[in-house]
Amino acid sequence: MARHLEAGTLKLTILSAALIGGLALPAQAEEFELGGTATFTTDYIFRGISNTNQNPAVQASIDASYGIFYAGIWGSNVDFGGSVPPDPVGIDLATVEIDYYGGIAPTWMGIDFDFAVLYYTYPGAFDPGGDFNYVELKAGASHTFGEAFTVGVSNYWSPDYFGEIGDGNATEGSLEYAFSNKIFNFFSPSVSGLVGYQWFDAGGSYTYWNAGLTLGFMDNFSADIRYWDTDLSAAGCGGSINNCDSRVVGTLSASF
């Protein structure tokens, strides 16, 4: 879900990992860093689908990093309204999502890589056969041309979506352009877009996309306005198209 993947462990482990494929470590001394984010959004969209039944969400994360290693926890309110492809029964009882993640983010030949494990949990969701929690494996890469234009691709694979659906995969491609000049000598603008394709082995697939404008300000704050859409039908959206159709979402974020 538009979860943040941005932990640290042993320096010996880091040095060993750096030898794999010639992946580069930063030139400066490694430091343990702790940070986080706080976000308000008019609609929590995950891969094109509203996870708050078209209502606002308050989200937060805490992240730790050391060299190329990172880990964190991210949370949000949710309201599936009984509609989340492939619509496992009982998921609509969840009111909170808490995600845990960890990975490595090395750089090699100017390409930034991101390999991670994500664990999605839904406290309060009821499933007679177990729970809806599931794991995804992420592999991503991006490259920035000059200092402004970034191209990225990511792939997410799960062996068992929602603990009962079976395996599936999501692949995304993204573009971002950061303008060098500020607006009113205050806002740092950038434009970005993403196209993704999600499929489930048990049946069903769809394409989703977004495009938007982000305004950074005061170093640690950003405001984003973004258009989202999918090619899902009402049947593919758990019986209601409302959570899967086009929408404009506004988001205000702070990092520390």
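Just so we're clear, the structure is a prediction, and the values are computed from it rather than from any experiment. (Residues numbered from 1 in each chain as written. Predicted model: local features only at pLDDT ≥ 70, side-chain atom pairs only at ≥ 80, totals over all residues. Heavy atoms only, no water.)

Peer 1: Please clarify how the nonpolar core should be interpreted in this entry.
Peer 2: Inside soluble globular proteins, nonpolar side chains tend to come together where they are buried. Residues Y122, Y134 and F162 are the most contacted members of the largest nonpolar core, which totals 32 residues. Elements with a contribution of two residues or more to this core: β2 (45-46), β5 (69-77), β8 (111-121), β12 (188-200) and β13 (205-217). (Core = buried A, V, L, I, M, F, W, Y, C linked by side-chain atoms within 4.5 Å. Buried < 20%, exposed > 50% of the residue type's maximum accessible area, 1.4 Å probe, protein only. Helix = DSSP H or I, 4+ residues; strand = E, 2+ residues; numbered from the N terminus.)

Peer 1: Just to check I follow, could you spell out the pairing of β5 for this structure?
Peer 2: It is a general feature of regular strands that their side chains alternate between the two faces of the sheet. In this structure, strand β4 (residues 57-66) lies alongside β5, joined through eight bridges in antiparallel fashion. Pairing of Y66 across the sheet is with F69, part of β5. Count of turn residues in the β4/β5 antiparallel hairpin: two residues, of which G67 carries a positive phi of about 65 degrees. By the bridge criterion, nine bridges tie β5 to strand β6 (residues 96-104) in an arrangement that is antiparallel. Along β6, the bridge assignment pairs N77 with V96. (Pairing = 2+ DSSP bridges.)

Peer 1: Just checking my understanding: could you explain the pairing of β6 for this structure?
Peer 2: Only one face of β6 is buried, namely the one carrying E97, D99, Y101 and G103, since none of V96, I98, Y100, G102 and I104 on the opposite face is buried. Strand direction decides the pairing type here: β6 and β8, joined by seven bridges, are antiparallel. Its bridge partner lying in β8, Y101 is registered against L118.

Peer 1: Quick question: what am I supposed to make of the pattern of salt bridges here?
Peer 2: Two side chains bearing opposite charge may form a pair once their charged atoms approach each other closely. Applying the stated rule across the entire model yields five salt bridges. Across the pair R247 and D43 runs a salt bridge, and its minimum N-O distance is 3.0 Å. Note that R247 is positioned in strand β15 (residues 247-255) and D43 in the loop between β1 (32-41) and β2, a separation of 204 residues in sequence. One connected set of salt bridges, linked through shared partners, spans D43, D245 and R247. (Salt bridge = Lys/Arg side-chain N within 4 Å of Asp/Glu carboxyl O.)

Peer 1: Can you walk me through the environment of L194 in this structure?
Peer 2: Within the fold, L194 resides in strand β12. With near-sequence residues (within four places) excluded, L194 lies in contact with E172, G173, S174, Y208, W209 and N210. (Contact = heavy atoms within 4.5 Å.)

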